Amino acid sequence: MSDAAWPLPEVVERRVAYRGRLFELRIDRLRWPDGAEAVREIIVHPGAVCVVPVTAMGTLLLVEQYRHPAGCRLLELPAGTLEPGEEPAAAARRELEEEIGMAAAELQPLGGFYVAPGYTTEYIHLFAASGLEPRRREGDVDEDIEVVELTAEEALAAVRSGRIVDAKSIIGLLLWRGHAEE
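Residues numbered from 1 in each chain as written. Predicted model: local features only at pLDDT ≥ 70, side-chain atom pairs only at ≥ 80, totals over all residues. Heavy atoms only, no water.

Caption draft 1: Spatial organisation of the sheet that holds strand 2 (residues 24-31). The strand order across the open sheet built from 3 strands is 1-2-3, with neighbouring strands paired in antiparallel fashion. Strands with a single pairing partner mark the edges of an open sheet, and in this sheet they are strand 1 (10-19) and strand 3 (37-44). This sheet shows a mean twist of 20° between the axes of neighbouring strands, independent of strand direction. Note: strand 2 against strand 3, 8 bridges, orientation antiparallel. Paired with Glu 24 across the bridge in strand 3 is Val 44. (Pairing = 2+ DSSP bridges. Helix = DSSP H or I, 4+ residues; strand = E, 2+ residues; numbered from the N terminus. Axes fitted to C-alpha atoms, helices over the stretch in contact; angles between N-to-C directions.)

Caption draft 2: Local environment of the side chain of Asp 166. Note on placement: Asp 166 falls in the loop between helix 2 (152-161) and helix 3 (167-181). Here Ser 169 takes part through its side chain, which lies 2.8 Å from a polar atom of the side chain of Asp 166. Apart from residues no more than four positions distant in its own chain, Asp 166 is found in contact with Leu 75 and Glu 76. (Polar contact = N/O pair within 3.5 Å; in protein donor to acceptor, adjacent residues only side chain to side chain. Contact = heavy atoms within 4.5 Å.)

Caption draft 3: Broad picture of the packing of aromatic side chains. This structure, assessed with the given rule, holds 2 aromatic pairs. Relative to Phe 23, the ring of Tyr 18 lies with its centre 6.2 Å away and its plane at 55°, an arrangement referred to as tilted. The partly exposed category is assigned to Tyr 18, whose relative accessible area is 45%. Residue Phe 23 is classed as partly exposed on the basis of its relative accessible area, which comes to 32%. Ring geometry for Tyr 114 versus Tyr 123: centroids 5.0 Å apart, planes at 75°, classification edge-to-face. (Phe/Tyr/Trp six-rings, centres within 6.5 Å; stacked < 30°, edge-to-face > 60°. Buried < 20%, exposed > 50% of the residue type's maximum accessible area, 1.4 Å probe, protein only.)

Caption draft 4: Representation of the sheet that holds strand 8 (residues 102-114). The 4 strands are arranged 7-4-9-8 in an open sheet whose pairing can be described as mixed. The open sheet terminates on both sides in strands that have one partner only, identified here as strand 7 (79-81) and strand 8. For this sheet the average axis-to-axis angle between neighbouring strands, irrespective of direction, equals 25°. Its contacts with the sheet place helix 1 (residues 88-100) against strand 4 (48-53), strand 7, strand 8 and strand 9 (123-134), and it is angled at close to 120° to strand 8. Along the sheet, helix 3 makes contact with strand 4, strand 7, strand 8 and strand 9, crossing strand 8 at roughly 105°.

Caption draft 5: Representation of the environment of Gly 47 in the model. Considering the arrangement of structural elements, one finds Gly 47 in the loop between strand 3 and strand 4. Along the sequence, Gly 47 and Glu 37 sit 10 residues apart, while their C-alpha atoms lie 28 Å from each other. Setting aside its immediate chain neighbours within four residues, Gly 47 contacts Thr 81, Leu 82, Glu 122 and Tyr 123.

Caption draft 6: Up close: a nonpolar patch on the surface. A grouping of Tyr 18, Leu 22 and Phe 23 is seen on the molecular surface, where their side chains present a nonpolar patch of about 260 Å² in accessible area. If you trace the backbone, Tyr 18 turns up in strand 1. (Patch = residues over 30% accessible without salt bridge, like charges linked within 9 Å, V, L, I, M, F, W, Y side chains within 5 Å. Areas by Shrake-Rupley, 256 points an atom, 1.4 Å probe, with all protein chains shown as cover. Salt bridge = Lys/Arg side-chain N within 4 Å of Asp/Glu carboxyl O.)

Caption draft 7: Looking closely at the packing of helix 2 against helix 3. It is at 10 Å that the axes of helix 2 and helix 3 come closest, and there the two elements cross at 135°. In terms of their interaxial angle, helix 2 and helix 3 are classed as oblique. Like other packed secondary-structure pairs, helix 2 and helix 3 cross with a definite hand, here left-handed. For the pair helix 2 and helix 3, contact is made by Ala 152, Glu 153, Ala 155, Leu 156 and Val 159 and by Ile 170, Leu 173, Leu 174, Trp 176 and Arg 177, respectively. Partitioned by chemical class, the residues of the contact of helix 2 with helix 3 number 8 nonpolar, no polar and 2 charged. (Parallel < 35°, antiparallel > 145°, perpendicular 65-115°, else oblique. Left-handed = near helix turned anticlockwise from the far one by under 90°. Nonpolar A, V, L, I, M, F, W, Y, C, P; charged D, E, K, R; others polar.)

Written out as structure tokens, the structure is:
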């Protein structure tokens, strides 16, 4: 349903409570048309990309890396945050080179999603990458990434078994599979 059918609140106050390297925490005070007020805490994020890299043999390249908030290493699709002014496709190409040392001849958009629209503006753009060619891998100095090659069936089994547990990878794999079956 479009927003036109629902009255939107007025933002009566907006302040930044915290500004960090990756995001900011904003506090908005809203007033609804009936006069009721509410406060919303919002993590303002520049957005991100997530890529399903498909080799010429049809296997998928994932990454395993330590994720401090989770307290463990996770198996994920390559992904990363958009730089200021960067287009999503350019970010996807950059992340492929940084995380798995590959360049893609073709990027196919798979759609995207809001991570958690109740408290963050973060939107992840999904792509499938094919025509992969090796490039010099120049990852970030604070990343400890291992590239893991899986068949599509192994990757989907890893989702079902709980080995792959992050939302962007699960959504990316399922949307890729859906497009591949069309």
